[in-house]
Amino acid sequence: MINMDQGGVDQELILDKVRTKLREDSVKLWLPPYTTETQERGEVPLELIMRYSKVLNLKEDVVATAVESLRIHALAKLAERNKFQTTGIATVKVKLAMGQKDSLKRVISLEVSLEKSGFDLKYAVSQETGLDRIRLKLICAGKVISDAQTLTAQNIKNGSQVMAVVLTETEGQARQKEEEICDVSRTRQAAELLSTRAENDDVDEFDIRIADQSGRTLQLPKEERKSLTLAMTLHEKGRAALKAKNYSKALLLLLEADKEFRSCRAEILDKVDNFAILCLDIVWCYLCLENVSELPDADRRLHQCETMFLKSYGHNNERLKLLKNGAEVERILLMRLHLLQGIVAFHQHNTDVAQRLLRQAMDEYNGLQVNPEALAHLMELGFSAREGRLGMRACQGNVAAAAEYIMKQRQDQAELLKKEKQERDDRKLAKKYGNCANGERLNMQNVNMMVQMMYPRAAAAEALKQTNNNVERAIDVLQDHPELMELPDVRDDKGPPLDLRDTDIAQVVSLGFEAEAAKTALRRHRNNVQKAVDDLIKYNGHLPYTSDESEGSSSGSESPDKDLAARKREEENQVLDELISDISRDESDHLDFEMTDERQFLEDYLAKMSSV
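Quick caveat, the model's predicted, so the values are computed rather than measured.

## Here we look at the overall build of the protein chain
Next up, step 1: Helix and strand content of the protein chain: 25 helices and five strands.
Next up, step 2: The burial tally for the protein chain puts 47% of its 612 residues in the buried class.
Next up, step 3: Within the protein chain, contacts between residues separated by at least 24 positions form 64% of all contacts whose residues are at least 6 apart in sequence.
Next up, step 4: Approximately 31800 Å² of the protein chain is accessible, and the part contributed by carbon and sulfur atoms is 49%.

Structure follows, in C-alpha cells:
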C-alpha cells in the first residue's frame with residue numbers, strides 16, 4: 001500500500017477527496033498523458049498537483065501519491081471489467097473479518113466464474129488464506145452465501161464485496177460437521193422446535209410471549225406466531241453472543257433472525273421494535289468486525305432502523321414518553337444509532353453529516369452517564385446495579401425519580417407476570433377442555449363470562465365448544481340440554497392418566513351396564529365405583545359425552561406410545577434448556593450496557609474527524 005501521511009488524516013478520505021476532484025475535472029487517469037500506451041506510468045501535470053494541493057489543503061507529495069494510487073486502481077478495475085466481459089471470469093473482493101484483536105486483517109481479490117457455487121468460492125478463500133474451510137462463513141449484502149447455490153443465483157456480481165467471517169480455532173476443532181459450526185445450525189433447529197410449539201399452542205415453561213411496545217400481548221395467527229417466535233429466539237441468541245463479544249457467531253445468528261423477520265408482514269413488524277433493534281445489532285457486529293466501510297448493507301439497515309424507531313417512538317420521542325410514562329430508557333438505542341450513522345457517514349466521506357451525528361451521539365452518551373455515587377445510593381435502598389443504571393438513564397440522573405421509576409417497573413413487572421401466568425393457565429385449561437367444533441381454541445374469556453352468569457364452568461366450556469365460542473348460542477344449547485349442567489370439571493382432574501382396574505369395571509358391568517359406559521364413568525369419577533354407578537343410573541346407562549372425552553379411552557393399550565412420547569418430550573426439553581440457557585428473561589436486558597465500546601468508538605472517530 002502506498003503511504004500517504006497527512007498528519008493523521010484518514011487515507012481513504014484523502015483518496016476520496018482527490019477522486020472527487022478528478023471526476024469534476026473529467027480526468028481519466030487510465031489514458032495519456034497519465035498512462036502510456038503500454039500501461040506504464042505517464043506524466044501528471046505539475047499545475048494539476050499544485051492546484052489540487054491548494055484547493056484540497058493537502059501537501060503536494062500527498063496529492064501526487066494519491067493520484068498514482070488511483071491510477072493503478074483504475075487500471076486494475078478496467079482490466080477486471082474487460083476480463084469479465086471476454087471470459088465471464090469475475091473478480092470478487094473478500095475481506096477477512098477476524099475481529100479487532102486478530103493479526104490477519106486484509107482484503108483479497110479472487111477470480112471466479114459466477115456459475116460456480118458458494119462452496120467453490122469458500123474453497124478458493126480457504127486456498128488463498130490457508131484458513132480451514134470449516135471455519136469460514138461468507139456474507140454478501142447482508143446475507144450468508146449458501147454453499148449449494150451458484151453465485152449468480154445469490155446475486156453476486158463482478159466487483160462484489162464479500163465478508164469472510166472466520167470462526168475461532170476452538171469452535172472449528174470442536175465440530176467436524178459444517179452444520180454444527182458455532183452452534184448456529186443446532187440453535188436454529190432448537191428455535192424451530194420452540195416455534196413449532198408456539199404454533200401448536202403447546203404451553204409449557206418455554207412459552208414465548210409476543211407483545212407490542214406497550215406490553216400488550218399480540219394475538220397472531222398460528223403461522224405468524226411461529227415465524228416471529230423463531231425470529232425472536234434467533235435474535236436473542238445472537239444478542240447473547242454479542243454480549244459475550246463473540247461477534248462472528250453473533251452475526252451469523254442475527255442474519256438468520258433477519259431472514260425470518262423478513263417473512264413476516266410489515267404491519268406486524270410495525271407493532272414491535274425487535275426488527276429495528278436487530279438491524280442495529282447487525283451493524284454493530286459489522287463495526288466490531290471492522291467491516292462497516294466495506295458493506296453498503298450497513299447504511300440500508302440503519303435507515304430501516306431509524307424509520308421504524310420514528311414510527312415506534314415518534315419524531316421527538318413523544319410516543320415513547322406516552323408509552324413509558326415520560327421515561328425514555330430507550331434513548332441508549334438512539335445513541336448507538338447516531339454513533340453508527342456517524343461512522344458510516346465518515347466512511348462514505350460525508351464529513352459534515354458524520355461530524356453532526358458523532359457530536360450528537362457524544363452529547364447523548366454524556367447524558368446517559370450514571371453518577372457512581374447516585375448509583376451507590378440507589379443500591380443502598382435495595383435496588384440492583386442494573387435497576388439503578390436503567391432508572392438513572394430513564395430519568396436523566398434524577399435519583400428520586402429513578403427510585404420511583406424502579407418501583408413502578410417492579411410493580412408493572414409483577415402485574416405482567418401475573419397476567420402472563422393467567423393467560424398461560426387459561427391456555428392450559430383450554431387445551432384440557434379441547435378445541436371447538438371448527439378446530440379453533442376455546443375462548444376462556446367467554447367461559448369466564450358464562451361462569452359469572454352462574455353457569456357451571458364445565459357446562460359453559462362444552463356448550464361453547466359446540467357453538468364455536470358463540471355465547472348466545474351456547475346458552476341456548478344449555479337450555480336445550482340441561483344434562484350438560486352435570487358435567488364434571490376438568491380442573492378436578494389433578495392426577496396422571498388413570499389405569500382402570502379390571503375388578504372395578506367388572507363390578508359396574510355386573511350391575512347391567514355396558515363395559516365402555518362403565519369405563520367412561522369410572523374414568524370421569526377417578527375410579528370411584530359408587531359415584532360411577534350413581535351417574536350411570538341417573539342417565540340410564542348413557543352418559544352425556546364431552547366432545548373430547550372419547551379420546552384415549554383405552555389408556556392401557558396406549559401406554560407404550562405414551563412412554564415414547566414422554567421420552568421424546570424430555571429430549572426436546574433438554575434441547576430447549578440448552579437453547580435458553582444464555583438468554584436473559586429480563587425484557588430490559590438489551591438496554592443495559594456499560595457503553596465502554598461506544599465511548600472508544602466515539603473517541604476514535606471524533607479524533608479522525610478533528611484531523612480532517
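The discussion continues.
## With respect to the environment of L358
Next up, step 1: Relative to the assigned elements, L358 resides in helix α14 (residues 351–368).
Next up, step 2: Taking the C-alpha atoms as reference, L358 lies 5.1 Å from G342; in sequence the two are 16 residues apart.
Next up, step 3: Once residues within four sequence positions are removed from consideration, L358 is found in contact with L339, G342, I343, L602, Y605, L606 and M609.

## Points about the environment of V107
Next up, step 1: Residue placement: V107 occurs in strand β2 (residues 107–113).
Next up, step 2: Distance from V107 to L96, taken between C-alpha atoms, is 6.5 Å for residues eleven residues apart in sequence.
Next up, step 3: If we skip the residues at most four places from it in the chain, V107 touches K93, V94 and K95.

## Considerations on the packing of aromatic side chains
Both the distance between ring centres and the angle between the ring planes are used here to describe each pair of aromatic rings.
Next up, step 1: Counted by the stated rule, this structure contains three aromatic pairs.
Next up, step 2: Aromatic pair F346 and Y605: ring centres 5.5 Å apart, planes at 80°, arrangement edge-to-face. Remark: Y605 occurs in helix α25 (residues 596–611) and F346 occurs in helix α13 (residues 331–347); sequence separation between them is 259 residues. The exposure classification of F346 matches that of Y605, with both residues buried.
Next up, step 3: Taking NZ or CZ as reference, R336 lies 4.0 Å from the ring centre of W284, over its face.
Next up, step 4: Positioned above the aromatic ring of Y605 is the side chain of K608, whose terminal nitrogen or guanidinium carbon lies 4.5 Å from the ring centre.

## Here's the deal with the side chain of Q341
Next up, step 1: Mapped onto the elements, Q341 comes out in helix α13.
Next up, step 2: Q341 sits in the buried class, given a relative accessible area of 13%.
Next up, step 3: When near neighbours in sequence (up to four residues on either side) are disregarded, Q341 contacts L302, E306 and L357.

## Quick look at the packing of helix α1 (residues 11–24) against helix α3 (residues 60–87)
Next up, step 1: At a closest axis distance of 10 Å, the pairing of α1 and α3 adopts a crossing angle of 75°. Taken as axis vectors, α1 and α3 run roughly perpendicular relative to one another. Where α1 approaches α3, its residues I14, L15, V18, R19 and L22 are matched on the opposing element by V62, A66, V67, S69 and L70.
Next up, step 2: Here the contact of α1 with α3 is composed, by residue class, of eight nonpolar, one polar and one charged.

## Some thoughts on the pairing of strand β5 (residues 161–166)
Next up, step 1: With five of six residues buried, β5 lies mostly within the body of the structure.
Next up, step 2: The pairing of strand β3 (residues 136–140) with β5 spans four bridges and is classified as antiparallel. Paired with I139 across the bridge in β5 is M163.

## Thoughts on the environment of L602
Next up, step 1: Positionally, L602 belongs in helix α25.
Next up, step 2: For L602, a relative accessible area of 0% puts it in the buried group.
Next up, step 3: Along the primary structure L602 and L358 are separated by 244 residues, whereas in three dimensions their C-alpha atoms are 6.9 Å apart.
Next up, step 4: Among all residues touching L602, those that are not within four sequence positions of it are L339, L358, A361, M362 and Y365.

What counts and what doesn't
Throughout this document, residue positions are counted from 1 along each chain, in the order its sequence is written. Only residues with pLDDT of at least 70 are given local features in this predicted model, and only at 80 or more are side-chain atom pairs given and counted; all residues enter the totals for whole chains, interfaces and linings. Water and hydrogen atoms were dropped before computing side-chain values, which therefore reflect all heavy atoms in the structure. Counting from the N terminus, the helices are the DSSP runs of H or I reaching at least four residues and the strands are the DSSP runs of E reaching at least two. Exposed residues in this analysis have more than 50% of their type's maximum accessible area, buried residues have under 20%, and partly exposed residues fall in between, with area computed by a 1.4 Å probe over protein chains only. We call two residues contacting when some pair of their heavy atoms lies within 4.5 Å. Note on areas: these come from Shrake-Rupley sampling with a 1.4 Å probe, and a residue is covered only by the protein chains present in the view. Pairing of aromatic rings covers Phe, Tyr and Trp, the last counted by its six-membered ring, and requires centre-to-centre distances within 6.5 Å; plane angles under 30 degrees mean stacked, over 60 mean edge-to-face, and any other angle means tilted. The criterion for a charge sitting over a ring is simple: Lys NZ or Arg CZ within 6 Å of the ring centre, and within 35 degrees of the ring normal. Helix axes are fitted to C-alpha atoms over the stretch in contact, other axes to C-alpha atoms as well, and angles between N-to-C directions run from 0 to 180 degrees. Just so you know how the angles are binned, under 35 degrees is roughly parallel, over 145 roughly antiparallel, 65 to 115 roughly perpendicular, and the rest oblique. Side-chain classes follow a simple rule in which Ala, Val, Leu, Ile, Met, Phe, Trp, Tyr, Cys and Pro form the nonpolar group, Asp, Glu, Lys and Arg form the charged group, and the remainder, Gly included, forms the polar group. If DSSP finds at least two bridges between two strands, the strands pair.

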